[in-house]
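Below, each chain spelled out in residue letters.
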Amino acid sequence: MSDRLKVLVRVDLDGARAQVAARGHVTAHSLQGLYAVMKRANSLGAGLALEIDVTRARVEPDALEQLRACARSHHLPAHIDPLQSDCRFSILAPRSALTSAAAMAA
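Below is a short write-up of the structure. For clarity, every value in this text was computed on a predicted model and none was experimentally measured.

**Thoughts on the sheet that holds strand S4 (residues 89-92)**
Part 1 of the argument: Here we have four strands laid out as an open sheet, ordered S1-S2-S3-S4, and mixed in their pairing. One side of each edge strand has no neighbouring strand; the edge strands of this open sheet are strand S1 (6-12) and S4. Sheet twist, expressed as the mean angle between neighbouring strand axes with direction ignored, is 15 degrees.
Part 2 of the argument: The sheet contact formed by S1 and strand S2 (residues 17-26) spans seven bridges and is antiparallel. Bridging from a neighbouring strand, Lys 6 pairs with Arg 23 of S2.
Part 3 of the argument: In the packing of helix H2 (residues 61-73) onto the sheet, the strands contacted are S2, strand S3 (49-59) and S4, and the crossing angle to S4 comes to about 155 degrees.

Structural data, given as structure tokens:
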């Protein structure tokens, strides 16, 4: 797997859905670029169901936690979206991240 972040955006305007799929290495630094893509996808239409798929990426724990914090707050970081538009999205995380989070919670 490459360290370079690659992003693919799939949009279904009829179904009001968009998926941002990332591959490669998601770090706190590369997450900034992912946020910019998410902002653009979110601006395609009000009420668009946005899904962030990082199942095929290597995601650093701090980057995943930052992403989850944005999902909980429904806002992207202020330096990415100064207007703080509503951004509701779901996250498909790698299995290793799910098991790591469960182990930390136990």
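**Notes on the packing of helix H1 (residues 31-42) against H2**
When two helices pack together, their arrangement is given by the angle between the helix axes and the distance between those axes.
Part 1 of the argument: Where H1 contacts H2, the axes come no closer than 11 Å and their chain directions differ by 30 degrees. The orientation of H1 relative to H2 falls into the category roughly parallel. At the point where H1 passes H2, the crossing takes the right-handed sense. Contacts between H1 and H2 pair Leu 31, Gln 32, Tyr 35 and Met 38 from the former with Ala 63, Gln 66, Leu 67 and Cys 70 from the latter.
Part 2 of the argument: Partitioned by chemical class, the residues of the contact of H1 with H2 number six nonpolar, two polar and no charged.

Definitions and limits used
- Residues numbered from 1 in each chain as written.
- Predicted model: local features only at pLDDT ≥ 70, side-chain atom pairs only at ≥ 80, totals over all residues.
- Heavy atoms only, no water.
- Pairing = 2+ DSSP bridges.
- Helix = DSSP H or I, 4+ residues; strand = E, 2+ residues; numbered from the N terminus.
- Axes fitted to C-alpha atoms, helices over the stretch in contact; angles between N-to-C directions.
- Contact = heavy atoms within 4.5 Å.
- Parallel < 35°, antiparallel > 145°, perpendicular 65-115°, else oblique.
- Left-handed = near helix turned anticlockwise from the far one by under 90°.
- Nonpolar A, V, L, I, M, F, W, Y, C, P; charged D, E, K, R; others polar.

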